[in-house]
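The residues making up each chain are set out below.
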Amino acid sequence: MAIDPREKIALFIDGANLYATSKAVGIDIDYRKLLTEFSAKAYLLRANYYTALVEDQEYSSIRPLIDWLDYNGYTVVTKPAKEFTDAMGRRKIKGNMDIELTVDALEQSPYYDHLILFSGDGDFTALVAALQRKGKRVTVVSTLATSTPMISDDLRRQADFFLDVAELARTVGRPQVQKPAEA
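Residues numbered from 1 in each chain as written. Predicted model: local features only at pLDDT ≥ 70, side-chain atom pairs only at ≥ 80, totals over all residues. Heavy atoms only, no water.

**Student:** A description of the packing of aromatic side chains should follow, citing residues and the corresponding values.
**Tutor:** For the structure on display, the rule yields 5 aromatic pairs. Centre to centre, the rings of Tyr31 and Tyr49 are 5.9 Å apart; their planes meet at 85°, and the pair counts as edge-to-face. In this pair, Tyr31 is assigned in helix H2 (residues 31-41) and Tyr49 in strand E3 (residues 43-53), connecting sequence segments 18 residues apart. For the pair shown, Tyr31 and Tyr49 are each scored as buried. Consider the rings of Phe38 and Phe118, whose centres lie 5.9 Å apart with planes at 80°: the pair is edge-to-face. Note that Phe38 is positioned in helix H2 and Phe118 in strand E7 (residues 114-118), a separation of 80 residues in sequence. The residues Phe38 and Phe118 share a single accessibility class, namely buried. Grouped by ring-pair contacts, the aromatic residues Phe12, Tyr50 and Tyr112 constitute a single cluster. (Phe/Tyr/Trp six-rings, centres within 6.5 Å; stacked < 30°, edge-to-face > 60°. Helix = DSSP H or I, 4+ residues; strand = E, 2+ residues; numbered from the N terminus. Buried < 20%, exposed > 50% of the residue type's maximum accessible area, 1.4 Å probe, protein only.)

**Student:** Explain a nonpolar patch on the surface to me, using residue names and the numbers behind them.
**Tutor:** The grouping of Tyr43, Leu45 and Tyr111 at the surface amounts to a nonpolar patch, some 340 Å² of accessible area in total. Turning to its location among the elements, Tyr111 is positioned in the loop between helix H4 (98-108) and E7. (Patch = residues over 30% accessible without salt bridge, like charges linked within 9 Å, V, L, I, M, F, W, Y side chains within 5 Å. Areas by Shrake-Rupley, 256 points an atom, 1.4 Å probe, with all protein chains shown as cover. Salt bridge = Lys/Arg side-chain N within 4 Å of Asp/Glu carboxyl O.)

This is a description of form; function is not addressed.
Shown next, in the form of structure tokens:
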């Protein structure tokens with residue numbers, strides 16, 4: 001990965017996308033090591049984590065992670081997920097944070113040199129192009145190491161650099177915790 005140590009960098013993490021990608025690769029991300037890894041490469045200006053939360057649940061499995069990130073150097077941006085019933089009568093939850101991430105990345109762009117985007121979502125291709133027009137460098141972090149790539153081909157082509165989560169896992173990953181089977 002080509003990060004100039006003189007650069008100011010900002011991490012923008014699409015939480016749902018990174019979660020799905022890391023699970024597909026078979027690892028869990030150690031978020032403390034992630035901060036350490038990027039702080040060692042350049043001046044880490046900001047680390048933003050974006051996720052939608054289901055508000056009406058008494059307990060959300062993501063809540064401990066969100067709380068930990070919030071207290072340990074990340075700026076956590078959340079919004080309530082929308083719940084709806086599809087045509088088949090199934091309960092569905094939708095929580096897209098693309099607009100929030102995009103607006104923040106553009107607003108904060110005067111302050112960083114290089115954006116590290118943790119997402120393979122092709123919807124971010126226009127954001128990457130806009131940042132490049134502003135003279136910013138963009139690294140996209142996702143994976144090609146799964147049977148179906150988790151990154152949009154357009155996004156990968158638009159980015160200045162691509163970092164595979166499978167490669168990053170060597171320094172910031174840990175094996176997924178397997179829950180014991182119930183008897």
